[in-house]
Amino acid sequence: TEQSPTIADAYQPPSGSAADERQLLLSLRTIHPAGEHLQLGGALERACQVLTGESPAGWSTAEPVNVPWSPRQLTDLARTRARTGAPTWLVAVGNPDSPAIATMHVVHTHFGVEEHITLATGHTPDRPAPLDLLPQLAEELATGHNLATMITELRAARADLTAPAHYEPPPIPVSLTLGPDAVADLGPNHSWTTATDTVPAHLGPSARPAMHYTLGDGTDPSAWHRLKQINDHLNRARG
């Protein structure tokens, strides 16, 4: 018989720990055509605004974060580094009353200028994770910020985004979004969109839609199976 993994006593959560607190995790990638008028940071800024109600408070290339948030300045830095063939890595944070922390990696590839973003936001029972806003955010990023892919997850963890020295459960997938280019790359035959039990919502213009899959509410681990099932079908469609 299978046995559940055991947690060493030293790593057991202390009594009275905040069991009702959550962290919403986003991993997203954008791909922009290179050009002199390109401004980076818009996808991260919009995600923060939708999920916390505020733009990031500051950014920096290292901690502590001590530079006020400025997409123009971070774009200038990334452009300067790109001229020498170097990528750019930065961290951004939210306001104390709207916990958020993000990293962004900017790199120039043969696809274009790519932003690889991870964002974590903290939530309490009186400020729950706004899962109902994820389709809206996905559509805004897909139609206005060149979204390629995005996956969101929810985990039971501290709302202040710190990492305690005790066990916290792993995240559970909530949604998966494919941007218009990723959908177009799968070809004109869209039979793959209904090849799984999870039917995607079409976002944006019908001629070039994005696809948004809702996998669950972050409480059912079987969402991992649904995500794998979708990924397997997408890989077969690409092949």
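Look a little higher up for the structure.
Since we're looking at a predicted model, the values are computed, not measured.

So, on to helix α3 (residues 134–144). Inspection of α3 places L134, L137, A138, L141 and A142 among the buried residues, and these make up the whole buried set. In a view along the axis of α3, the buried residues occupy a sector of 125°, so they form one face of it. Positive phi shows up at N146, right after α3, with a value of about 55°.

This part is about the nonpolar core. In this structure, L26, L28, L44, L51 and L119 are the most contacted members of the largest nonpolar core, which totals 36 residues. Secondary structure elements with two or more residues in this core: β1 (22–32), α1 (42–52), α2 (71–82), β4 (88–93), β5 (100–109), β6 (112–123), α3 and β7 (147–156). Broken down by element, this core gets its largest block of residues, six residues, from α1. With 13 residues, the next largest nonpolar core counts L178, V183, L186 and M211 among its residues.

With that out of the way, let us pick up the layout of surface pockets. Each pocket or cavity is described by its volume, and for the largest pocket that value is around 410 Å³. Surrounding the largest pocket, 18 residues form its lining, I31, A148, D181, A182 and D185 being those nearest its centre. Of all the secondary structure elements, the ones that give two or more residues to the lining of the largest pocket are β1, β7 and α4 (180–185). The element contributing the most residues to the lining of the largest pocket is α4, with four residues.

Relative to the assigned elements, S175 resides in strand β8 (residues 172–178). The class for S175 is buried, based on a relative accessible area of 2%. Among the polar contacts listed, one links the side chain of S175 to the side chain of T152, at a separation of 2.6 Å. Excluding residues that lie within four positions of it along the chain, S175 makes contacts with L134, M150, I151, T152, H212, Y213, T214 and L215.

With that out of the way, let us pick up the environment of T103. Along the chain, T103 turns up in strand β5. Between the C-alpha atom of T103 and that of G144, which follows or precedes it by 41 residues, the distance is 21 Å. Beyond its immediate chain neighbours, meaning those up to four positions away, T103 contacts W89, L90, V91, H116, I117 and T118. A distance of 2.6 Å separates a polar atom in the side chain of T103 from a polar atom in the side chain of T118.

How each quantity is defined
Residues numbered from 1 in each chain as written. Predicted model: local features only at pLDDT ≥ 70, side-chain atom pairs only at ≥ 80, totals over all residues. Heavy atoms only, no water. Buried < 20%, exposed > 50% of the residue type's maximum accessible area, 1.4 Å probe, protein only. Helix = DSSP H or I, 4+ residues; strand = E, 2+ residues; numbered from the N terminus. Arc of directions from axis to C-beta. Core = buried A, V, L, I, M, F, W, Y, C linked by side-chain atoms within 4.5 Å. 1 Å grid on protein atoms, 1.4 Å probe; cavity = no way out; pocket = protein on both sides within 12 Å on 5 of 7 lines; lining within 4 Å. Points joined across faces, edges and corners; volume = space filled by probe spheres on them. Polar contact = N/O pair within 3.5 Å; in protein donor to acceptor, adjacent residues only side chain to side chain. Contact = heavy atoms within 4.5 Å.

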